[in-house]
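Analysis of the macromolecular model
Letter by letter, the chains look like this.
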Amino acid sequence: MNASPKDPATSTIQVIDRLVLLLDAIAANDTPTSLKILSAETGLHPSTAHRILAALGSHDLVGRTEAGHYQLGVKLLSLASR
């Protein structure tokens, strides 16, 4: 039996899916990564990626270097170490 898109077991929240795509892309890179590269790797429009990254940054889940590249944030690393 196939589950319908409205089935709670298979439904997703789009922004969370996109957030995870961005975090995975940041984590996959050994060095801080530009918005352009993150957008290309995730398939997200740059403005969408920027908006999500800004929200993640406001919670210290993502950090930005002086050059404006993105890296995993200190709060995310702290949570992961628990």
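This text follows the structure it describes.
Our subject in this report is the structure included herewith. (Residues numbered from 1 in each chain as written. Predicted model: local features only at pLDDT ≥ 70, side-chain atom pairs only at ≥ 80, totals over all residues. Heavy atoms only, no water.)

1. A look at the overall build of the chain
Counting its secondary structure elements, the chain contains four helices and two strands. Expressed as a percentage of the 82 residues in the chain, the buried residues total 24%. Taking contacts inside the chain between residues at least 6 apart in sequence as the whole, the part at least 24 apart equals 40%. Summing over all exposed atoms, the chain offers an accessible surface of approximately 5800 Å²; the carbon and sulfur share of this is 57%. (Helix = DSSP H or I, 4+ residues; strand = E, 2+ residues; numbered from the N terminus. Buried < 20%, exposed > 50% of the residue type's maximum accessible area, 1.4 Å probe, protein only. Contact = heavy atoms within 4.5 Å. Areas by Shrake-Rupley, 256 points an atom, 1.4 Å probe, with all protein chains shown as cover.)

2. As for the side chain of T33
Looking at where T33 falls in the secondary structure, it is placed in the loop between α1 (14-28) and α2 (35-42). Relative accessible area serves as the criterion here: at 3%, T33 is assigned to the buried category. A distance of 3.4 Å separates a polar atom in the side chain of T33 from a polar atom in the side chain of N29. Look past the residues within four positions of T33 in its chain and what remains in contact with it is L38, H69 and Y70. (Polar contact = N/O pair within 3.5 Å; in protein donor to acceptor, adjacent residues only side chain to side chain.)

3. Digging into unusual backbone geometry
Positive phi outside glycine occurs at D60, with the angle close to 60°. In this fold, D60 is placed in the loop between α3 (46-58) and β1 (62-64).

This is a description of form; function is not addressed.
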